[in-house]
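# Structural overview for review
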Amino acid sequence: MSFGETPITVIGNLTADPELKFTESGAALAKFTVAATPRTFDRESGQWKDGNATFFRCAAWRQLAEHAADSLTKGARVVAHGRIRQHDWKTDQGENRSMLVMEVDEIGASVRFTTVTINAKRPAQSAPADNGAWNTDAPAKSTGGEPPF
């Protein structure tokens, strides 16, 4: 993230399956919308009530885009973190338009109301793994082969 960008974290539900496309250069782009709906407890009725939903148009790029499209579906509750970007353009009639988009850096399923199974894919490493205390690939010497945490 660059200096001066607006960071944001959104928790909500996908309104549709992520739409995966590829640019002419081959970069993956996933577009999706996250609906964040506040809920409040109405003491008079004794029930939860939904507030007005806010819809965040989102874009994820490259490997994150492919993983999001492969992993997430309509209705999934997600936690998305990224930055707000403004896109400006002119219509064919010469009118100025703008739109805010959340460019997503991280996204994952929320486990508040459900469980998930993780299928960990590690990126290829260009250098040998460090054998320090945080290396979970090698057994820890002092704990009988268990990771050190």
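See above for the structure.
None of these values were measured; they are calculated from a predicted model.

## Regarding the overall build of the chain
Within the chain, the secondary structure is distributed over one helix and eight strands. From first element to last, N terminus to C terminus, the chain shows the α and β order β-β-β-β-β-β-α-β-β. The buried share of the chain, reckoned over its 149 residues, is 22%. Put simply, the chain shows about 11400 Å² of open surface, and 49% of that area lies on carbon and sulfur atoms.

## Here we look at the packing of aromatic side chains
Evaluation of the coordinates by the stated rule reveals one aromatic pair. Each ring, one from Phe 41 and one from Trp 48, has its centre 5.4 Å from the other, and the planes form 65 degrees; the classification is edge-to-face. Note on Phe 41: relative accessible area 43%, which makes it partly exposed.

## Details of the environment of Met 102
Mapped onto the elements of the fold, Met 102 is located in strand 8 (residues 96–109). In the structure, Met 102 is positioned 19 residues away from Arg 83 in sequence and 5.5 Å away in space, judged by C-alpha atoms. When residues no more than four places from it in sequence are discounted, the contact partners of Met 102 are Ile 8, Val 10, Arg 57, Cys 58, Ala 59, Ala 80, His 81, Gly 82, Arg 83 and Ile 84.

## Examining the pattern of salt bridges
Side-chain pairing between opposite charges can occur once the charged atoms of the two side chains come close. Following the criterion strictly, the structure yields six salt bridges and no others. The partner of Lys 49 in a salt bridge is Asp 42, and the shortest N-O contact between them spans 2.9 Å. Two residues, Arg 85 and Glu 103, come together in a salt bridge whose shortest N-O distance is 3.4 Å. Residue Arg 85 is found in strand 7 (residues 77–90), and its partner Glu 103 is found in strand 8; the two are separated by 18 residues along the sequence.

## Here's the deal with the layout of surface pockets
Empty space among the atoms can be located by rolling a probe the size of a water molecule over them. By volume, the second largest pocket amounts to about 320 Å³. Lining the second largest pocket are 14 residues, with Lys 31, Cys 58, Ala 59, Met 99 and Val 101 positioned closest to its centre. Elements supplying a minimum of two residues to the lining of the second largest pocket: strand 2 (19–22), strand 3 (28–36), strand 6 (54–61) and strand 8. Across the lining of the second largest pocket, the residue classes break down as seven nonpolar, two polar and five charged.

Cut-off values and rules
Residues numbered from 1 in each chain as written. Predicted model: local features only at pLDDT ≥ 70, side-chain atom pairs only at ≥ 80, totals over all residues. Heavy atoms only, no water. Helix = DSSP H or I, 4+ residues; strand = E, 2+ residues; numbered from the N terminus. Buried < 20%, exposed > 50% of the residue type's maximum accessible area, 1.4 Å probe, protein only. Areas by Shrake-Rupley, 256 points an atom, 1.4 Å probe, with all protein chains shown as cover. Phe/Tyr/Trp six-rings, centres within 6.5 Å; stacked < 30°, edge-to-face > 60°. Contact = heavy atoms within 4.5 Å. Salt bridge = Lys/Arg side-chain N within 4 Å of Asp/Glu carboxyl O. 1 Å grid on protein atoms, 1.4 Å probe; cavity = no way out; pocket = protein on both sides within 12 Å on 5 of 7 lines; lining within 4 Å. Points joined across faces, edges and corners; volume = space filled by probe spheres on them. Nonpolar A, V, L, I, M, F, W, Y, C, P; charged D, E, K, R; others polar.

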